Amino acid sequence: MAVKGRMNITLGADEIELLHSLAEETGVPAASIVARIFSAHVPELWEYDTWIKQQQAGTRERGLGVNLMVSFGPESLIAGIKHITPGYQTQGEKFLAGLKKSATDGDAE
């Protein structure tokens, strides 16, 4: 679903102070800084979205997954997912495995 719009977010006093300082020092508007930082994490957030949709409501994994979104630092979301679900393959890993298999199958011909 492609939705473009505005969203208000609440930040703590320290985060607001930092954001204003960064904006003042760089001349980059605070909203642009937030948007750029968020966009840097979009692939990881899509992977999390794919993973969390696979977790059944009421399961330990689903509960841990929700908690992961709330407090995933300092590890990445992907590292957290792999900690909760050992052996989980990301979409990128599945893609690379498919390429490798295709290359190997092509060598056999």
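Note that this is a predicted model, so its numbers are computed, not measured.

### Remarks on the overall build of the protein
Counting its secondary structure elements, the protein contains 6 helices and 0 strands. For the protein, the succession of helices and strands along the chain, N to C, is α-α-α-α-α-α. A compact globule built from 109 residues should have a C-alpha radius of gyration of about 13 Å, whereas the protein, at 19 Å, is more than 25% larger. Reported as C-alpha extents along the three principal axes, the dimensions of the protein are approximately 60 × 35 × 30 Å. Counting only residues that meet the buried cut, the protein has 16% of its 109 residues in that class. By sequence separation, contacts in the protein at least 24 residues apart represent 36% of the contacts at least 6 residues apart. For the protein, the computed accessible surface area is about 8700 Å², with 60% contributed by carbon and sulfur atoms. In the protein, which carries 10 positive and 14 negative side-chain charges, the distance between the mean positions of the two groups comes to 8 Å.

### A short note on the environment of A30
Residue position: A30 is located in helix α2 (residues 30–39). The exposure class of A30 is partly exposed, given its relative accessible area of 24%. When the C-alpha atoms of A30 and H20 are compared, they prove to be 6.5 Å apart, with 10 residues separating the residues in sequence. Residue contacts for A30: discarding those within four places in its chain leaves L19 and A23.

### Let's talk about the pattern of salt bridges
Applying the stated criterion across every chain, the model contains 2 salt bridges. Here K53 and D49 are joined by a salt bridge, their closest N and O atoms 3.0 Å apart. Highlighted residues: K53 and D49, both in helix α3 (residues 42–53), separated by 4 residues, approximately one helical turn. The exposure class assigned to K53 is exposed, which follows from its relative accessible area of 63%. Put simply, K82 and E93 hold a salt bridge, and the shortest N to O gap is 2.9 Å. Within this pair, whereas K82 is found in helix α5 (residues 77–84), its partner E93 is found in helix α6 (residues 91–108), the two being separated by 11 residues in sequence. Judged by its relative accessible area of 30%, K82 falls in the partly exposed class. A relative accessible area of 31% means that E93 is categorised as partly exposed.

### A closer look at the nonpolar core
Core analysis: the biggest nonpolar cluster contains 8 residues, these being Y48, W51, I52, L68, L77, I81, I84 and Y88. Mapped by element, the contributors of at least two residues to this core are α3 and α5. The contact partners of I52, leaving out residues within four places of it in the chain, are R62, G65 and V66.

### Things to note about the packing of α3 against α5
At a minimum axis distance of 9 Å, the contact between α3 and α5 shows a crossing angle of 25°. Our classification of the angle between α3 and α5 gives roughly parallel. In contact with E44, L45, E47, Y48 and W51 of α3, α5 contributes L77, I78, I81 and I84.

### Quick look at the layout of surface pockets
Counted as a void, the largest pocket has a volume near 1600 Å³. Counting only elements with at least two residues in the lining of the largest pocket, the list comes to α1 (13–26), α2, α3 and α4 (60–70). For the lining of the largest pocket, the element with the highest residue contribution is α2, accounting for 8 residues. When grouped by side-chain class, the residues that make up the lining of the largest pocket number 22 nonpolar, 6 polar and 5 charged.

Rules and cut-offs
Once a new chain begins, its residue numbering starts again from 1 and follows that chain's sequence as written. Only residues with pLDDT of at least 70 are given local features in this predicted model, and only at 80 or more are side-chain atom pairs given and counted; all residues enter the totals for whole chains, interfaces and linings. Excluding hydrogens and water, the side-chain figures rest on all heavy atoms present in the structure. Secondary structure follows DSSP: runs of H or I at least 4 residues long count as helices, runs of E at least 2 residues long count as strands, and numbering of each begins at the N terminus. Between the two quantities, the radius of gyration covers C-alpha atoms and the globule rule is 2.2 Å times the number of residues to the power 0.38. Each residue's exposure class comes from its accessible area (1.4 Å probe, protein chains only) as a fraction of the maximum for that residue type: buried when under 20%, exposed when over 50%, partly exposed otherwise. Only heavy atoms matter for contacts: two residues are in contact if any of them lie within 4.5 Å across the pair. Here the Shrake-Rupley method, with its probe set to 1.4 Å, supplies the accessible areas, and only the displayed protein chains count as covering residues. Charged residues are defined here as Lys and Arg on the positive side and Asp and Glu on the negative side; His and the ends of the chain fall outside this count. Just so you know, the charge point we use is NZ for Lys, CZ for Arg, CG for Asp and CD for Glu. Note on definitions: salt bridges are taken to be side-chain nitrogens of Lys or Arg within 4 Å of carboxyl oxygens of Asp or Glu. Among buried residues, the Ala, Val, Leu, Ile, Met, Phe, Trp, Tyr and Cys ones that are joined through side-chain atoms within 4.5 Å form a nonpolar core. Inter-axis angles, ranging from 0 to 180 degrees, are taken between N-to-C directions of lines fitted to C-alpha atoms, where helices are fitted over the stretch in contact. Each angle gets one of four labels, with under 35 degrees taken as roughly parallel, over 145 as roughly antiparallel, 65 to 115 as roughly perpendicular, and the rest as oblique. Cavities and pockets were defined on a 1 Å grid built from protein atoms only: a cavity is a group of points that admits a 1.4 Å probe but offers it no way out, a pocket is an open group of points flanked by protein on both sides within 12 Å along at least five of seven lines, and a lining residue is one with an atom within 4 Å of any such point. Grid points are joined across faces, edges and corners, and a volume is the space filled by probe spheres set on the points. Following the grouping adopted for this structure description, the nonpolar residues are Ala, Val, Leu, Ile, Met, Phe, Trp, Tyr, Cys and Pro, the charged ones are Asp, Glu, Lys and Arg, and the polar ones are all others, Gly among them.

That is the geometry; function is a separate question.
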